[in-house]
Amino acid sequence: APGLTSCSDPNSGYAYCADLLWDWQNCGACGNDCGDFGETCCGNYCADLANDFDHCGGCGVRCDNPNPYEKGECFDGACVYSCVEGAIVCGGICTPVNSDPDNCGACGNDCGPDMICDNGACTGCAPGLTSCSDPNSGYAYCADLLWDWQNCGACGNDCGDFGETCCGNYCA
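Reading the values: the criteria
- Residues numbered from 1 in each chain as written.
- Predicted model: local features only at pLDDT ≥ 70, side-chain atom pairs only at ≥ 80, totals over all residues.
- Heavy atoms only, no water.
- Helix = DSSP H or I, 4+ residues; strand = E, 2+ residues; numbered from the N terminus.
- Rg over C-alpha atoms; globule rule 2.2 N^0.38 Å.
- Buried < 20%, exposed > 50% of the residue type's maximum accessible area, 1.4 Å probe, protein only.
- Contact = heavy atoms within 4.5 Å.
- Areas by Shrake-Rupley, 256 points an atom, 1.4 Å probe, with all protein chains shown as cover.
- Pairing = 2+ DSSP bridges.
- Disulfide = S-S within 2.5 Å.
- Salt bridge = Lys/Arg side-chain N within 4 Å of Asp/Glu carboxyl O.

A. The arrangement of the overall build of the chain in detail. Along the backbone of the chain there are 0 helices and 14 strands. Each helix (α) and strand (β) of the chain, taken in turn from the N terminus, gives the series β-β-β-β-β-β-β-β-β-β-β-β-β-β. By the compact-globule yardstick of 16 Å for 172 residues, the chain is too spread out, its C-alpha radius of gyration being 27 Å. Taking the principal axes of its C-alpha atoms as reference, the chain extends roughly 85 × 40 × 20 Å. Relative to its full complement of 172 residues, the chain shows a buried share of 27%. Contacts in the chain between residues at least 24 apart in sequence constitute 11% of all its contacts with a sequence separation of at least 6. For the chain, the accessible area works out to roughly 10300 Å², and carbon and sulfur atoms hold 52% of it.

Structure follows, in structure tokens:
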């Protein structure tokens, strides 16, 4: 039958059909017995459902990271999440307190307008630099409007959209 492979019983030597994708006694190959290690066959792979990141508690159940500041692990068949280094839980989500101007250094510590969060401390930009917002994260950062090709003359004026560079406040 389609999708089945002829395998031999190791005790009797008789041939039988096996589905190598899901047969725990022939997982991925004839004779590859997942039961020897207490594992489950998940699409031709023997998986430990108690600790496998890609098959946590069931075949195909992944412990993907819900946001870039969290990491997932499989523990006793359940996905468990924790914050990556430099992030703590603020308002129920992992937040990078070293760079988040709304939670700078600690949850709820708002830097305010035209301020940036640098290593967990609210600060203004050095003379000659302007506070701009990252279009992806919304976090403020300091930019040199005279030479920054992504903020040429004004925050968000991207010379790269036209294949140009920023020269003294103008895209050229």
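B. Summary view of the pairing of strand S11 (residues 130-133). Where S11 lies against strand S12 (residues 140-143), 4 bridges are found, and the strand directions are antiparallel. Following the sheet pairing, serine 131 is matched in S12 by cysteine 142. Once S11 ends, the chain turns through 6 residues before running back antiparallel as S12, passing glycine 138 with a positive phi of about 85°.

C. Inspection of the environment of glutamine 25 at higher detail. Mapped onto the elements, glutamine 25 comes out in the loop between strand S2 (15-18) and strand S3 (40-41). The partly exposed category is assigned to glutamine 25, whose relative accessible area is 39%. Once the C-alpha coordinates of glutamine 25 and cysteine 125 are considered, the two residues, 100 residues apart in sequence, prove to be 64 Å apart. With residues up to four places along the chain from it excluded, the contact list for glutamine 25 reads Gly31, Asn32 and Asp33.

D. Representation of the state of the cysteines within the structure. Under the criterion given, the structure shown has 14 disulfides. Paired through a disulfide, cysteine 42 and cysteine 59 show a sulfur-sulfur distance of 2.0 Å. Between cysteine 42 and cysteine 59 the disulfide shows an S-S torsion of about -75°. By sign, it is left-handed. Separated by 17 residues along the polypeptide, cysteine 42 in the loop between S3 and strand S4 (46-47) and cysteine 59 in the loop between S4 and strand S5 (70-75) bring together distant segments of the chain. For cysteine 59, a relative accessible area of 36% translates into the label partly exposed. Put simply, cysteine 104 and cysteine 117 are joined by a disulfide, and their sulfur atoms are 2.2 Å apart. Judged by the torsion about the S-S bond (90°), the cysteine 104/cysteine 117 disulfide is right-handed. With cysteine 104 in the loop between strand S8 (93-96) and strand S9 (116-118) and cysteine 117 in strand S9, this residue pair connects regions lying 13 residues apart in the sequence. Residue cysteine 104 is classed as buried on the basis of its relative accessible area of 1%.

E. Representation of the pattern of salt bridges within the structure. Within the structure shown, the criterion is met by 2 salt bridges. For the salt bridge of aspartate 54 with arginine 62, the shortest nitrogen-to-oxygen distance reads 2.2 Å. In this structure arginine 62 comes out as partly exposed when scored by relative accessible area, which is 42%. A salt bridge links arginine 62 to aspartate 64; its shortest N-O distance comes to 2.7 Å. A single network of salt bridges, built from pairs that share partners, joins Asp54, Arg62 and Asp64.

F. Spatial organisation of the side chain of histidine 55. Inspection of the secondary structure assignment puts histidine 55 in the loop between S4 and S5. Looking at histidine 55, the relative accessible area reads 13%, which means it is buried. Setting aside chain neighbours within four positions, we find histidine 55 in contact with Cys42, Tyr45, Ala47, Asp48, Leu49, Gly60 and Val61.

G. Structural view of the environment of cysteine 111. By secondary structure assignment, the location of cysteine 111 is in the loop between S8 and S9. For cysteine 111 and threonine 123, which are 12 residues apart along the polypeptide, the C-alpha to C-alpha distance reads 7.7 Å.

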